[in-house]
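Each chain, letter by letter, is given below.
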Amino acid sequence: MLDRFQRLADALFTHLEPDERLLLGLHGERSDFVRYNRGGVRQVGNVESATLELRLVVDGRHATHDLLLGHDDLARATTALKSLRALLPSVPQDPHLHLPTERVDSERRESGDLDAHAISASFLEGVRGLDAVGLLTCGPVFHAFADSTGQRNLFERSSFHLDWSIFEGGRATKLGAAGLAWDPALLDAQMARFHANRELLAAPEIPLEPGTWRAYLAPAAVSALLGVLSYSGFGKRAWERGYGCLARALDGEPLSPLLTIDERTHDGLGAPFDALGFTRPDSVRLFEGGRPVEPLVSARSAREFDVPGNGASDWEHPQSLYVHGGDLPEDEVLEALGDGLWVSDLHYLNFSDHGAGSVTGLTRFACFRVEGGRIMGPIPVMRFDDSAFSLLGTSLERLTDTPRLHPETRSYDGRSSRSVRCPGALVGGLRLTL
Amino acid sequence: MEDLTGRVRAALPACDGWSARWVSERHERVEIDSGITKAPWVMEDEGVMLTVQVGSGRGYAATADTSPSGLREAATRAKGWAEHARDAGIFDMSATPFTAAVGSWSGPVARPMSDVPFAERLALLSAASAPIVGFAPVVQWTANLWSRHLRTRLVTSAGGDLQQETSMVVPLLMAFAKDGRDTLARSTGRHNGAQGGWEVVEALDLTAWGDRLVAELAALLEAPLCPSGRMGLVLAPSQMILQIHESIGHPLELDRILGDERNFAGTTFVTPEMIGSYRYGSEHLDITFDPSVSGEIASYGWDDTGASASRAHLIRAGILERALGGAESQARSGLPGVACTRSASWRRPAIDRMANLNLEPGEHTLAALIGQVERGVWMETNASWSIDDRRDKFQFGCELGREIVDGELGRVVRKPNYRGRSRDFWRSLAAVGDRSTFEVQGTPFCGKGEPSQVLPVGHASPAARFTDVDVFGGA
């Protein structure tokens, strides 16, 4: 797919007028999707898709046209180029348009040898007789960029991701395995986790009243919290204009001194370049010791606020968030928690007060009541409504010592390359409301 | 697409049945972001999903390469997965034969967006946002128009051939104002999508909205926090859309009841035994699945498996009559459903989805609804939504609230929120507004499924009054 993109780019650039600059992007995948329910196959198939993005720039004006590659690509792309050319005179100049002035080529290909049929067969064997539900995603994703001034950036990554849960008696254990190559040991390790949880989940449910509870938020729960904060918490535009959910951190109300957060492209799953061809640095320190350091800066913000950009998307959302680990060994979490709640995961988070960084959501999957450092039994689904400045601020007591990777499982606009790597968090108070 | 049937037949390996669903979309977006016109965007998206049946199994392959070789390779991939499903599937797919229906359907369009030049769209957005530009507390705003023209064709081995065409427009005007440490938002609502063309934009009257947003933001900046406590609640259609969506629509999806969504979107508190007898809400609650409302965002003639779509009551006088599930889920569960197996694109297989899910109007004017409340809050325009994975414990926030005291609308209050449980809430539905309070709304962003799918769903609703609700102001 990348070679096809390069040939298409070469051909398209010959159609340009002298004053035109054309930026081309490619986002593609060849994905097998096997959807499971009740330990069997619910829906299964394959998707091959590649979107070509054309951005024509003339005299500070620009417009974009995306089209699907499939057949007669050069002819259709040339038609799209002509329509952009016809539109541009009516488009106002964009004072925030900012394009690379230096050529930085790159190429990264991580092509695994993955057989989705074999992985699925192995998975089905591993969960035989169990109520397993979830999704296997397998195959390569492609991202590429070509600038008519010469720059080329190519990225290919072939991977699998098994994301599933096993239900018993209405309660579930969430499991997952991902990588560049399939290893049955990954499945074995996850099934061992399930079996370890099985007895705990079978215990009678312990009723819980709303109120403030001491809690351990497992890495999946912390990842979910960071996911909603990513909406407006780390971008330059939100920081400058003061409307972001973490704006108060810039206004003298820091997060916990235990918290250091990076955007780590080199540790993530995505391409190291943005839609305009800017290179993403390996790492950007967003927060250090709870205090904001450097925001994610898109090309537009770089121009608007006259600062260097760092390859962030237009939305300035993190792609590869990394939260530094703390001093709490994972096998000492129960003891450190003492009396409280073990929250494995959180669900359907949204802002209850965006400007205050307040978030509501619900517990999900295997969550437990803990007393005296021992798991006593599962708890009902509970709603929380709390502030990031408490959960990741004044209430944060310790972080576990090993950040865990959580690849984004959503694939609304194609397979996501976003991920969060974070530790678990021990908090003195989690406010449950329902 | 010309001769889709012939092309697919030529590409297919030996199999026990097949369908091909061709989808062509053209999206356009014009946006002004805080005074700067962003690059206009067009997307042309076109491809085919081939579904092949082998014995009891079906597999799919989606491709944009509709050349003979492209279709042949896709068909081979689909057959390979069909064999996997035959060997390990949870359901005999031959129980739901491919459709033999033939026909065409198109949604309403008075003035196609393709006839509206970029400059005209931009001029409207500029005019609508002019009052916002001059309002100092605003720190961020957007004015944008997104439109989609969709054509689909479904052909099958059973002789089915269905063609459908719709246009959709989603206008949005939204502004954030800063007040010391607080940020407040006001917008037209993110759920004003409708089928049609430029007439949808004109009907919303964006220019008037620009003035209204500024006036209401000014009021919100001066307003106290929403009061807290258990009290009466009157919801505008611009909030009812999310309440219906999250706590009636999703819980009634048959694929949730069957467990398909448990790993991602979640399950439901609704069980098969409830269908036909369960009291979902008060006697004022009448919910219809209605894909025949002209202009509502998810109207269609057939769903994406070719099942003919028609209006049906899901809840009548508070009693649950049927769920939201298409032919496959109906066959799997033995429960009644509706024609709602839908797909977000040619890349995704069809699954149970809402379409248009509406609350039927009652008999009360808005003044009467308000007049019935001794102490409570009026809320409008959804700002925040969250509900648990069983679709029970919810919490919603709105952009604007007004106190109700002794049957009269009072002062504006900021950050109004409420929470509750689905069953208790709908049983506390005390009165439903009449046609004068009725609005047709639509969101293009309903997400679920593995792999993920997002597609439009419509909700029409009058205003409605609830009693004894847990209301509170944001932090």
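Residues numbered from 1 in each chain as written. Chains lettered and ligands numbered in written order. Predicted model: local features only at pLDDT ≥ 70, side-chain atom pairs only at ≥ 80, totals over all residues. Heavy atoms only, no water.

Draft legend 1. Representation of the packing of aromatic side chains. Following the criterion strictly, the structure yields 19 aromatic pairs over all chains and no others. Arranged with centres 5.7 Å apart and planes meeting at 70°, the rings of Trp426 of chain B and Phe466 of chain B form a pair that is edge-to-face. Of the two residues, Trp426 of chain B is situated in helix H10 (residues 422–427) and Phe466 of chain B in strand E24 (residues 464–473); the sequence distance between them amounts to 40 residues. The class of Phe466 of chain B is buried, set by a relative accessible area of 0%. A connected cluster of aromatic rings, assembled from ring pairs, spans Phe394, Phe396, Tyr418, Phe425, Trp426 and Phe466 of chain B. Positioned above the aromatic ring of Tyr322 of chain A, the side-chain terminus of Arg264 of chain A is 3.7 Å from the ring centre. Arg29 of chain B extends its terminal NZ or CZ atom over the ring of Trp41 of chain B, reaching a point 4.7 Å from the ring centre. (Phe/Tyr/Trp six-rings, centres within 6.5 Å; stacked < 30°, edge-to-face > 60°. Helix = DSSP H or I, 4+ residues; strand = E, 2+ residues; numbered from the N terminus. Buried < 20%, exposed > 50% of the residue type's maximum accessible area, 1.4 Å probe, protein only. Lys NZ or Arg CZ within 6 Å of the ring centre and 35° of its normal.)

Draft legend 2. Summary view of the pairing of strand E18 (residues 393–405) of chain B. Residues and elements named next belong to chain B. Buried residues dominate E18, accounting for 11 of its 13 residues. Taken together, the 11 bridges between strand E17 (residues 375–387) and E18 define a ladder with antiparallel strand orientation. Looking at the pairing, Trp378 lines up with Arg402 of E18. Hairpin connection from E17 to E18: five residues lie between these consecutive antiparallel strands, with Arg391 at a positive phi of about 65°. Sheet topology places E18 next to strand E20 (residues 416–421); five bridges connect them, and they run antiparallel. Of the residues in E20, the one forming a bridge with Gln395 is Arg419. As paired strands, E18 and strand E19 (residues 408–413) are joined by four bridges and run antiparallel to one another. Its bridge partner being in E19, Ile404 is matched across the sheet by Leu409. Here E18 folds back onto E19, and the loop between the two strands holds two residues, one of which, Asp406, carries a positive phi near 50°. (Pairing = 2+ DSSP bridges.)

Draft legend 3. The nonpolar core, seen in detail. Judged by nonpolar contacts, the single largest core of 64 residues is most densely connected at Tyr280, Tyr418 and Trp426 of chain B. Counting residues per element, this core draws most heavily on helix H6 (residues 237–249) of chain B, which supplies five residues. If we skip the residues at most four places from it in the chain, Trp426 of chain B touches Met240, Gln243, Ile244, Ser247, Ile248, Tyr280, Gly281, Ser282, Leu285 and Phe466 of chain B. Counting residues in each nonpolar core, the second largest holds 63 residues, with Leu52 of chain A together with Met113, Phe118 and Leu173 of chain B among its members. (Core = buried A, V, L, I, M, F, W, Y, C linked by side-chain atoms within 4.5 Å. Contact = heavy atoms within 4.5 Å.)

Draft legend 4. Layout of the domain arrangement of chain B. Residues and elements named next belong to chain B. Split into domains, chain B comes out as domain 1 (4–222) and domain 2 (229–473). Each of domain 1 and domain 2 has a C-alpha centre, and the two are 21 Å apart. Between domain 1 and domain 2, the residue contacts involve 52 residues of the former and 45 residues of the latter. Here domain 1 meets domain 2 over a buried area of about 3,600 Å², counting both sides, of which 57% is carbon and sulfur. Of all residues in domain 1, Arg21, His191 and Leu220 give up the largest surface area on contact with domain 2, accounting jointly for 18% of the area buried on that side. At the boundary of domain 1 and domain 2, one finds seven salt bridges. The partner of Glu399 in a salt bridge is Arg186, with the nearest N and O atoms 2.8 Å apart. Our enumeration of links across domain 1 and domain 2 arrives at 24 residue pairs in polar contact (both at pLDDT 80 or more). (Domains from an automatic or database assignment. Buried area = accessible area lost by both parts, 1.4 Å probe. Salt bridge = Lys/Arg side-chain N within 4 Å of Asp/Glu carboxyl O. Polar contact = N/O pair within 3.5 Å; in protein donor to acceptor, adjacent residues only side chain to side chain.)

Draft legend 5. A look at a negative patch on the surface. Residues and elements named next belong to chain A. Residues Asp331, Glu332, Glu335 and Asp401 make up a contiguous surface patch of negative charge. Within the fold, Glu332 resides in the loop between strand E12 (320–323) and helix H8 (333–337). The exposure class of Glu332 is partly exposed, given its relative accessible area of 36%. (Patch = residues over 30% accessible without salt bridge, like charges linked within 9 Å, V, L, I, M, F, W, Y side chains within 5 Å. Areas by Shrake-Rupley, 256 points an atom, 1.4 Å probe, with all protein chains shown as cover. Lys, Arg positive; Asp, Glu negative; His and termini not counted. Charge placed at Lys NZ, Arg CZ, Asp CG, Glu CD.)

Draft legend 6. Spatial organisation of the interface of chain B and chain A. Taken together, the contact between chain B and chain A spans 84 residues of the former and 83 residues of the latter. Counting each side, the surface lost to burial between chain B and chain A is near 7,100 Å², with a carbon and sulfur contribution of 50%. Together, Trp81, Arg181 and Arg262 of chain B form the three largest contributors to the area buried by chain B at its contact with chain A, with a combined 12%. Counting every contact that joins chain B to chain A gives nine salt bridges.

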